[in-house]
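# Observations on the three-dimensional arrangement
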Amino acid sequence: MPELPEVETVRRGLLPAMEGRVIEKAEVNRPDLRWPLPVNMAERLTGKRVVALRRRSKYILADLSSGETLLIHLGMSGRMLVSGITLGQFFHDHPAPEKHDHVVLHLEGGARVTFNDARRFGAMDLLPTVTADQHPLLAEIGPEPLGNAFNEAYLAVRLQGRNTPIKSALLDQHLVAGLGNIYVCEVLYRARIAPTMRAGAIVNAGSLVPIIREVLAEAIEAGGSSLKDYRRTDGELGYFQKAFAVYGREGEPCLTPGCTSQIARIVQSGRSSFFCPTCQA
């Protein structure tokens, strides 16, 4: 599942094609993705200007001139591909339509944005912009880890007295938005904290905040991590997986100078946790 860096990378890739531009034509090629698509979705999108393109946790939000917001969730295999516009140094021609191109937006200026999702675990919805934060998918999400509301004092208070493992606590979207398995593993390695440690027992828990921000910033700079289906809006891979210190490295040497241990893996709440048993003891 794409995490915050991947979704933010996609949002930034969509900006030059979508923000400030009119959706001249919207094609909706099936009635549902993970859930039914909004009624008359194509008609409600066509002719509307995208006034802002933002992200909340793992969701992309396109605020429209109609007063509605298009909510986009990539799911496990969803891709937002941009064509007909120069991205970076290259111009991307419109590709031939594919079987799983479920929603296609033709934008002012000749750009085209295609939502392709082979397994249809993604989602789209249209909701009133003024009450977007109250949508069931957004209402209970915690503060953004790169925002001012997520700070040392906040995290220390929220972790105080919690008996759950720190790995599980940081994956709790009510606590902090957008963190997923990959980046929590990398954060805990840098913090030298075992994923099994009780969250409430961590001394100076607030010190995790700058580490979380550092890992996320580096991942966004690298275009996110491509492990299975994730692609950037130009179709290219992200590259942060090349910088993983622990995630997916079970049995490989720890990268800490002087450490002779191998990276270990355990399962917590059905998810793999990778860590160094020496550095994170």
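Coordinates for the structure precede this section.
Residues numbered from 1 in each chain as written. Predicted model: local features only at pLDDT ≥ 70, side-chain atom pairs only at ≥ 80, totals over all residues. Heavy atoms only, no water.

### Here's the deal with the pattern of salt bridges
Heads up, the condition is: By definition here, a salt bridge exists when the distance from a side-chain nitrogen of Lys or Arg to a carboxyl oxygen of Asp or Glu is within 4 Å. Segments assigned H or I by DSSP are reported as helices when at least four residues long, segments assigned E as strands when at least two residues long, and all are numbered from the N terminus.
All told, the structure shown has 14 salt bridges when counted by the stated rule. In this structure, arginine 12 and glutamate 8 form a salt bridge, with 2.8 Å as the shortest nitrogen-oxygen distance. Placement of both arginine 12 and glutamate 8 in helix H1 (residues 4-18) is noted, with a separation of four residues, approximately one turn of the helix. Close ionic contact of arginine 44 with glutamate 68 constitutes a salt bridge, the shortest N to O distance being 2.5 Å. In this pair, arginine 44 is assigned in helix H2 (residues 41-45) and glutamate 68 in strand S4 (residues 68-73), connecting sequence segments 24 residues apart. Connected through salt bridges with shared partners, the residues Glu8, Arg11, Arg12, Arg55, Arg56 and Glu144 form a single ionic network.

### Here's the deal with the packing of helix H5 (residues 181-191) against helix H6 (residues 208-221)
Packed helices, taken two at a time, are described by their axes: the angle between them and the distance between them. Put simply, the test is: Where helices are involved, their axes are fitted lines through C-alpha atoms of the stretch in contact, as for all axes, and angles between N-to-C directions lie from 0 to 180°. Any angle that is under 35 degrees is reported as roughly parallel, and any over 145 degrees as roughly antiparallel; angles of 65 to 115 degrees are reported as roughly perpendicular and all others as oblique. Each helix crossing is assigned a hand: it is left-handed if the near helix lies turned anticlockwise from the far helix by less than a right angle, otherwise right-handed if that turn is clockwise. Contact criterion: two residues are considered in contact whenever any of their non-hydrogen atoms come within 4.5 Å of each other. Gly is put with the polar residues, along with every residue not named as nonpolar or charged; the nonpolar set is Ala, Val, Leu, Ile, Met, Phe, Trp, Tyr, Cys and Pro, and the charged set is Asp, Glu, Lys and Arg.
Axis separation between H5 and H6 bottoms out at 9 Å; the angle between their running directions is 130°. Looking at the two axes, H5 sits oblique to H6. The interaxial crossing formed by H5 with H6 has right-handed handedness. In this structure, H5 uses Tyr183, Glu186, Val187, Leu188, Arg190 and Ala191 to contact H6, whose residues at the interface are Leu208, Ile211, Ile212, Glu214, Val215, Leu216, Glu218 and Ala219. Looking at the contact of H5 with H6, its residues break down into ten nonpolar, no polar and four charged.

### Quick word on the packing of H1 against H6
At a minimum axis separation of 9 Å, H1 and H6 run at an interaxial angle of 45°. Considered as vectors, H1 and H6 are oriented oblique to each other. The hand of the H1/H6 crossing is right-handed. Counting all contacts with H1, which are made through Leu4, Pro5, Glu8, Thr9 and Arg12, the residues of H6 involved are Leu216, Ala219 and Ile220.

### Topic: H6
Using the following cut-off: Expected helix span is taken as 1.5 Å per residue step, with the number of steps being one fewer than the number of residues. Burial here depends on accessible area, computed with a 1.4 Å probe over protein chains only, as a share of the maximum for the residue type. Under 20% is buried, over 50% is exposed, and the range in between is partly exposed. By definition, the arc is the one covered by directions from the helix axis to the C-beta atoms.
If you check H6, its first and last C-alpha atoms are 20 Å apart, about what 14 residues at 1.5 Å a residue would give, namely 20 Å. Listed as buried for H6 are Leu208, Val209, Ile211, Ile212, Val215, Leu216, Ala219 and Ile220. Looking down the long axis of H6, one finds its buried residues gathered within 165° of arc, a one-sided arrangement. Packing partners of the buried residues in H6 comprise H1, helix H3 (152-159), helix H4 (166-171) and H5. Where H6 terminates, the next one or two residues include glycine 223, which has phi positive at roughly 80°.

### Comments concerning the packing of aromatic side chains
Selection rule: Stacked, tilted and edge-to-face are the three classes assigned to paired rings of Phe, Tyr and Trp, where Trp is represented by its six-membered ring and a pair needs centres within 6.5 Å; plane angles under 30 degrees give stacked, over 60 edge-to-face, the rest tilted.
Applying the stated rule across the entire model yields three aromatic pairs. Between the aromatic rings of phenylalanine 150 and tyrosine 154, the centroid separation amounts to 6.0 Å while the plane-to-plane angle is 65°, which identifies the pairing as edge-to-face. Both residues of the pair, phenylalanine 150 and tyrosine 154, belong to the buried class. What links up through ring pairs into an aromatic cluster is the set Phe244, Tyr247 and Phe274.

Any functional reading would require information beyond the geometric quantities listed.
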